[in-house]
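Per-entry structural report
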Amino acid sequence: MSSVNVSFSQNISIVHPQYFFIIGLSGIPHSTYYYIFLFMIYFVTIFGNSVVLLIIALHRSLHSPKYIGVFNLALADIGETNALIPNMMRTFLFDSQYISYNACLANMFFVFFFSSLQSVTLLVLAYDRFIAICLPLRYHAIVNNTSMVLVFPAIWAFNSSMVALMVSLITRLSICESNVIQSYFCDHGPVYRLACNDYNLNKSVGFVITSLYLIAPMVIIFLSYLGIFLALSRITTWERRLKALKTCVSHLLLVGIYFFPICFTYLAQLLLALTPNGRVISTSLAYVVPPMLNPIIYVLNTAEIKILLRKMLDNRSAPIRDNISK
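Here we summarise the structure given alongside this text. (Residues numbered from 1 in each chain as written. Predicted model: local features only at pLDDT ≥ 70, side-chain atom pairs only at ≥ 80, totals over all residues. Heavy atoms only, no water.)

**Some words on a nonpolar patch on the surface**
Together, Ile215, Val219, Ile220, Phe222, Leu223 and Leu226 make up an exposed nonpolar region whose accessible area comes to about 550 Å². On the secondary structure map, leucine 223 appears in helix 7 (residues 200-233). (Patch = residues over 30% accessible without salt bridge, like charges linked within 9 Å, V, L, I, M, F, W, Y side chains within 5 Å. Areas by Shrake-Rupley, 256 points an atom, 1.4 Å probe, with all protein chains shown as cover. Salt bridge = Lys/Arg side-chain N within 4 Å of Asp/Glu carboxyl O. Helix = DSSP H or I, 4+ residues; strand = E, 2+ residues; numbered from the N terminus.)

What follows is the structure, given as structure tokens:
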């Protein structure tokens, strides 16, 4: 951005800007209302996922492998939402579109890290459903609390190392032509394309991350549900088939609302040549809407959580009824 004075710190041939300028939505009247809409999404997301976390943490009946996965998904939803929306609100509502170089890299890390946790957690939950339906007699031997408690810390460690590698490679680039990021956060692609030296390694690592956390989970989840449907086809009665299938409904909805918007956005960019504003709106919605819907889906479609909520509401209303009767 030629009209902005940018300070540079130079180390031999590597040039880093002191600040980036995040362009966000530009030239759209009343764009403030969109950011207010995102704030409403933020409030619902934090409240809904916090309720899910509290319900699972406080009720021992939900301390099972499936709900350890749901707990991890709620943590990832809260993390990603906090990495995205507050920064967007500060940046655009308060007209503070500059972000320091280090803060930009930190923002990139947390957005991609928590997004990767979401996709891998959905994959683990698909594995849980696959074992429960295809190998029901061995389910408790294969999938138990101990295995889940070991798996998720390993996922956090592996994902953080992969995303940290992707982000750290940005530091090898010289950003010397422009400091304007054509996105609404410090997105990996728009940042490395600002480089004036070779960024093929960054492009390759970005492709690996996309394959590892988007394409691979989708393919494996698809194959797991092929196995589930084959197992269901061998069940003799429709009643038992539907009963088994109902245990997968919540997970299928979560998979759909997470992967379909992201895939649609990627395809739209390839086939329709989205405008910068169109890309900002489509990708921001693809990132922020699923974390808002996830707790709603689990509350409405999970019998155990609905029963617990009903008991909690009944326990709270009982003293009120007693006082009225007196």
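This is not the end of the story, as more comes after the structure.
**Brief notes about the packing of aromatic side chains**
A full pass over the atoms with the stated rule returns 18 aromatic pairs. Geometrically, the ring pair formed by phenylalanine 43 and phenylalanine 47 is stacked, given 6.5 Å between the ring centres and 10° between the ring planes. Separated by four residues within a single helix, phenylalanine 43 and phenylalanine 47 lie in helix 1 (residues 32-58), roughly one turn from each other. Grouping residues by exposure puts phenylalanine 43 and phenylalanine 47 together as exposed. An aromatic cluster is built from Phe109, Phe110, Phe113, Phe114 and Trp156, whose rings are joined through pairwise contacts. Across from the ring centre of tryptophan 238, 4.6 Å away, lies the NZ or CZ of arginine 241, which sits over that ring. (Phe/Tyr/Trp six-rings, centres within 6.5 Å; stacked < 30°, edge-to-face > 60°. Buried < 20%, exposed > 50% of the residue type's maximum accessible area, 1.4 Å probe, protein only. Lys NZ or Arg CZ within 6 Å of the ring centre and 35° of its normal.)

**Structural notes on the pattern of salt bridges**
Applying the stated criterion across every chain, the model contains two salt bridges. Between arginine 279 and aspartate 187 there is a salt bridge, with the nearest N and O atoms lying 3.0 Å from each other. One end of the pair, arginine 279, is in helix 9 (residues 276-301); the other, aspartate 187, is in the loop between strand 5 (180-181) and helix 6 (188-192), with 92 residues separating them in the sequence. We note that arginine 279, like aspartate 187, is buried.

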